[in-house]
Amino acid sequence: MNLSNALALLTDASDSVVVYTNGIYVAGGNGLPMINGTGLNPSWFTTSNEDWGLPAYGMDVLLPMPGSDSLVALFHVTVDTTDASSIFIANKLYMSLIDLSQDGGNGAVITKNQILLTGEFCLTGIAAVRHANGRDWWVFFHENDSNVFIQFILTPYGLDGPYFQSAGAVRHGYGPVTMISRDGSRLLIMDAGADLDVFDLDRCTGILSNQRHVDINDGMLNGQAEFSPSGRFVYVTSVVRVLQYDLDAPDLATSEVEVAVWDSTYDTYTYLWTVFTNLCLAPDGKIYISTGNTTHFMHI
């Protein structure tokens, strides 16, 4: 499978990949398209990116279905159209259902491209966290040109919702990234237009509260963010810099510390710069940061 920026994957208890997607098709642990796994996200935009995968981070999430040993839910979006400002947006929120027990354990997509909601939505920023009951899942989307979060609850009996909540800055274009701290107590949303919002998250009710905002305003157009393993710190990439914010500080903006600066290194093979773009907290407790291009390097 070729990968651009969109990627969702699920592993078993031994960390072997059992299902993954690039937003174009769904593959099983054998690396091949699943039965009925092609034709994901029907759209002119999907077709135009079918060789390499969808290009934006946070367009899909895979979740084990509560109460099942074999069912997996995939939540996903693609670019459907543009809004009044010619910004790429999604018009549909999708869910597909995968049964890993079929085809000799390689899996099959049994329900595909089920439309959950129509409207105008950010084409990225899908996030999920366990419900406080330890069984169900909260799933978050975000409206475009709006400050409204859209929430669903995935249960053994299906999907509840949508629920709507106005919180934080208006998100318009730029492809926001949404992350949830490892303990599930905090949620952040970040893009280069509206910058950083951090909230406390109640996993019983799904309610976001205690908003903290940071205006970064450095002119960079590729802002991404991630929590530290403890959830106390937030790290933001701003192309040539990595910034740290302390959520225990009285004022989030004034807690800013510049923890990395691009040192002018270029990949001597590709002649591309090794700057800071997508970042992700891994199971080993380290944050890995890509360079956003085809260099041989990754920051840790």
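Throughout what follows, the structure given in this document is the object of discussion. (Residues numbered from 1 in each chain as written. Predicted model: local features only at pLDDT ≥ 70, side-chain atom pairs only at ≥ 80, totals over all residues. Heavy atoms only, no water.)

1. As for the sheet that holds strand E16 (residues 208-214)
Paired through backbone hydrogen bonds, the strands of a sheet run either parallel or antiparallel to each other.
Part 1: Spatially, the 4 strands line up as an open sheet ordered E13-E14-E15-E16, and their pairing is antiparallel. Where the open sheet ends on each side, the last strands, each with one partner, are strand E13 (177-180) and E16. This sheet shows a mean twist of 20 degrees between the axes of neighbouring strands, independent of strand direction.
Part 2: Relative to strand E15 (residues 195-201), strand E14 (residues 186-191) runs antiparallel, the two sharing 6 bridges. The residue bridging Met 190 from the neighbouring strand is Leu 196, located in E15. (Pairing = 2+ DSSP bridges. Helix = DSSP H or I, 4+ residues; strand = E, 2+ residues; numbered from the N terminus. Axes fitted to C-alpha atoms, helices over the stretch in contact; angles between N-to-C directions.)

2. A look at the pairing of strand E19 (residues 241-246)
Part 1: In terms of burial, E19 is largely enclosed, as 6 of its 6 residues are buried.
Part 2: In E19, alternate side chains face the same way, and those of Arg 241, Leu 243 and Tyr 245 on one face and Val 242, Gln 244 and Asp 246 on the other are all buried.
Part 3: Two elements, strand E18 (residues 233-237) and E19, share 5 bridges in a ladder whose sense is antiparallel. Opposite Val 236, over in E19, you have Leu 243 as the bridge partner. (Buried < 20%, exposed > 50% of the residue type's maximum accessible area, 1.4 Å probe, protein only.)

3. A closer look at the state of the cysteines
Part 1: Across all of its chains, the model carries 0 disulfides by this definition.
Part 2: Cysteine Cys 122 remains unbridged, with the sulfur of Cys 280 as its closest cysteine sulfur at 20 Å. (Disulfide = S-S within 2.5 Å.)

4. Points about the side chain of Asp 80
Part 1: Mapped onto the fold, Asp 80 is located in the loop between strand E5 (71-76) and strand E6 (81-82).
Part 2: As a buried residue without a salt bridge, Asp 80 has its nearest oppositely charged side chain in Lys 92, at a separation of 4.1 Å.
Part 3: Here Asp 80 is in contact with Pro 42, Ser 43, Trp 44, Ile 89, Ala 90, Asn 91 and Lys 92, once residues within four sequence places are set aside. (Lys, Arg positive; Asp, Glu negative; His and termini not counted. Salt bridge = Lys/Arg side-chain N within 4 Å of Asp/Glu carboxyl O. Contact = heavy atoms within 4.5 Å.)

5. Digging into the pairing of strand E11 (residues 146-155)
Part 1: Of all 10 residues that make up E11, 9 are buried, and the element is covered over most of its length.
Part 2: Taken together, the 6 bridges between strand E10 (residues 137-142) and E11 define a ladder with antiparallel strand orientation. Note on E11: the bridge partner recorded for Phe 140 is Gln 151.
Part 3: Between E10 and E11, which follow one another and run antiparallel, lie 3 residues, and Asp 145 among them has a positive phi close to 55 degrees.
Part 4: Strand direction decides the pairing type here: E11 and strand E12 (residues 158-171), joined by 8 bridges, are antiparallel. Each residue of the ladder has a partner; that of Ser 146, found in E12, is Arg 171.
Part 5: Counted between consecutive antiparallel strands, the loop separating E11 from E12 contains 2 residues.

By themselves, these are just geometric observations and shouldn't be taken as functional.
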